[in-house]
Amino acid sequence: MAAENTININKSNIEKLIEFFNAVRIIYDARGLINSGKYYQIATLYGQLRALLTDKTKEKKKEPKPLFDIASILGKELNIYYMPNTIEQDLPFIQEGMLLHVHSLPISLEKQLPNQVQILLEEYLETNIITFKGKNYKTSEIINSLSNKFGGSHYDTKVPRDLVELASISIYNQTILDNLVIQIADLFIKIGISLVKQVSDFEFFIVFQPKSFTSEENYFFDYTLPNSHKSRIALYCFQGKLRLHLCDLVGRAANLEVERLLDFKDPVVLNISHKITYDLKTEVKIGWNGISVLDQCLPEPLLMLNEIHSYQGYFNRSLEREYQEFEFGLSELIVRGIVDDDVKRIEILKYLFSKKREGAVYYNKNSYGHSAPGQKDIKMVGNVILKKNGA
């Protein structure tokens, strides 16, 4: 039989992030379905947790498991809190004749009980958490066995008999093992969303002064990822109304418009925030001189990339249209990969209000600025001048 031709596909970090993001959504949706009474979705948790946390095939290939791979890319150490098993020290006699002991629970991201201690998530997965008929079972072993035996990934007949028996023991109509899996799933959802937010959340602070508008779309800036029509952040004005275009890494777009006509006579301090919420929605806000002019919640989470230096950036033009008759001055541009709380936001806005008349880079008609991916410097094209002190 001829050998099958195969290829190794090296995934980019963005491709890994998209797959991880989809896995977070699958687990989140499965938990919601379980809570609504569709308990068969527990099999989805078995398979997804195995694939993301404990898949042994990754070890054989010497590849990091997806959750830990994403955490490593982002430079994030995954610590959790658990209750260590001290029963042998506290009650040494109890070991004799003990049939079942569930321990090392509850688990949480923050310390919730006085006796909880911190541990790396990877180490917790290799911690014994159940003793049944004299045998200890690790967290990873339970996840893998449930996934293999009960259809989460594939059906495996080689599962310890005692573990199959243990899987049938229930308390309040929920098996002990399922309760453990649900706790781990809930913990994963919180960790997963926090990692996605670290990549996706952003806030722009801009001080600018438009001079005159045309009948066309007048772009302030247009950020796009190179070699892709995905992940785009563009701010422009059309017929006196401010518009924001967002397109995420998956290719889903949102076009938002500030409904009120805005006054452009004086320099404007604008802040734009995008964040993914912990119920996997998108929250977008726009502030105009400290006043909220747009506060919108989108039902789908937009997986944006907040590493602004990875984008190709244009000022006073769009990607598609090189020249426009629009003119405006840009005094300040701050981009943060985090959405600040109100206290910090007010501090930043106060600072920008104090600076908004100190000068600007002025883009005249048919001139623009361009920053290449990976570059912080902006190259000026055409008649771009520096005006000081509001001159």
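The structure this text deals with has already been given above.
These remarks concern the structure in this document. Along each chain, residue indices are assigned from 1 in the same order as the chain's sequence is written. For this predicted model, a pLDDT threshold of at least 70 governs which residues receive local features, and a threshold of 80 or more governs which side-chain atom pairs are given and counted, while totals over whole chains, interfaces and linings are taken from all residues. No hydrogens and no water enter the side-chain calculation; it runs on all heavy atoms of the structure.

Moving on: the sheet that holds strand β17 (residues 327-336). A pair of strands is labelled paired if DSSP reports no fewer than 2 bridges between them. Only DSSP runs of H or I covering at least 4 residues are called helices, and only runs of E covering at least 2 are called strands; the numbering of each starts at the N terminus. Sheet architecture is open: seven strands sit in the order β15-β14-β13-β8-β17-β18-β21, paired in antiparallel fashion. The open sheet is flanked by β15 (291-298) and β21 (384-388), the only strands paired with a single partner. This sheet shows a mean twist of 25° between the axes of neighbouring strands, independent of strand direction. Where β17 and strand β18 (residues 359-363) come together, three bridges link them in antiparallel fashion. The residue bridging L330 from the neighbouring strand is V361, located in β18. Contacts between residues were defined by any pair of non-hydrogen atoms, one from each residue, lying within 4.5 Å. Fitted lines through C-alpha atoms give the axes, limited to the stretch in contact for helices. The angle between two N-to-C directions lies from 0 to 180 degrees. Helix α9 (residues 176-200) contacts β8 (202-212) and β13 (268-276) of the sheet and is inclined by roughly 150° relative to β13.

Residues belong to one nonpolar core when they are buried, are Ala, Val, Leu, Ile, Met, Phe, Trp, Tyr or Cys, and are joined through side-chain atoms within 4.5 Å. When a residue's accessible area, from a 1.4 Å probe over protein chains only, is under 20% of the maximum for its type it is buried; when over 50% it is exposed; and in between it is partly exposed. Membership of the largest hydrophobic core comes to 95 residues, with the highest contact counts inside it found for F208, F220, I233 and L270. Ranked by residue count, the leading element in this core is α9, at 15 residues. Those residues in contact with I233 that sit more than four places away from it in its chain are F202, F204, F221, D222, Y223, L244, H245, L246, M304 and Y311. V207, V269, I348 and L349 belong to the second largest nonpolar core, which has six residues in total.

With that settled, the discussion passes to the pattern of salt bridges. What counts as a salt bridge is simple: a side-chain nitrogen of Lys or Arg found within 4 Å of a carboxyl oxygen of Asp or Glu. Using the criterion set out here, one finds 19 salt bridges in the structure. Between E320 and R232 there is a salt bridge, and its shortest N-O distance comes to 2.8 Å. Placement of E320 in the loop between β16 (312-315) and β17 and of R232 in strand β10 (residues 232-238) is noted, with a sequence separation of 88 residues between them. Using a relative accessible area of 57% as the deciding quantity, one classes E320 as exposed. Owing to a relative accessible area of 14%, R232 belongs among the buried residues under this scheme. Here E283 and K285 are joined by a salt bridge, their closest N and O atoms 3.8 Å apart. Given a relative accessible area of 32%, K285 falls into the partly exposed group. Within this structure, R25, D248, R252 and E300 form a network of salt bridges that share partners.

This part covers unusual backbone geometry. A cis amide bond, omega 5°, links L105 with the succeeding residue P106. Position of P106 among the secondary structure elements: in the loop between β2 (100-102) and β3 (117-120). Phi is positive for N316, which is not a glycine, with a value near 65°. Position of N316 relative to the elements: it lies in the loop between β16 and β17.

Looking now at α9. Because the α-helix completes a turn every 3.6 residues, residues three or four places apart line up on one side. To estimate the expected span of a helix, count its residues, drop one, and scale the result by 1.5 Å. End to end, α9 covers 36 Å across 25 residues, agreeing with the expected 36 Å (1.5 Å per residue, within 8%). In terms of burial, α9 is largely enclosed, as 19 of its 25 residues are buried.

What follows deals with the packing of aromatic side chains. The relative placement of two aromatic rings is captured by the distance of their centres and the angle of their planes. Only Phe, Tyr and Trp rings are paired, with Trp represented by its six-membered ring, and only when their centres lie within 6.5 Å; those with planes under 30 degrees apart are stacked, over 60 edge-to-face, the remainder tilted. Evaluation of the coordinates by the stated rule reveals 19 aromatic pairs. On the basis of an interplanar angle of 85° and a centroid distance of 5.5 Å, the ring pair of F202 and F204 is categorised as edge-to-face. Ring geometry for F213 and F326: centres 5.1 Å apart, planes at 25°, overall stacked. Highlighted residues: F213 in the loop between β8 and β9 (218-224) and F326 in the loop between β16 and β17, separated in sequence by 113 residues. You can call F213 partly exposed: its relative accessible area is 34%. By relative accessible area, which is 0% here, F326 ends up buried. Its end group placed over the ring of Y137, K135 keeps NZ or CZ at 5.4 Å from the ring centre. Any Lys NZ or Arg CZ found within 6 Å of a ring centre and within 35 degrees of that ring's normal is scored as a charge over the ring. Here R317 stacks its cationic end above the ring of Y314, 3.8 Å away from the centre of that ring.

In short, geometric facts, not functional conclusions.
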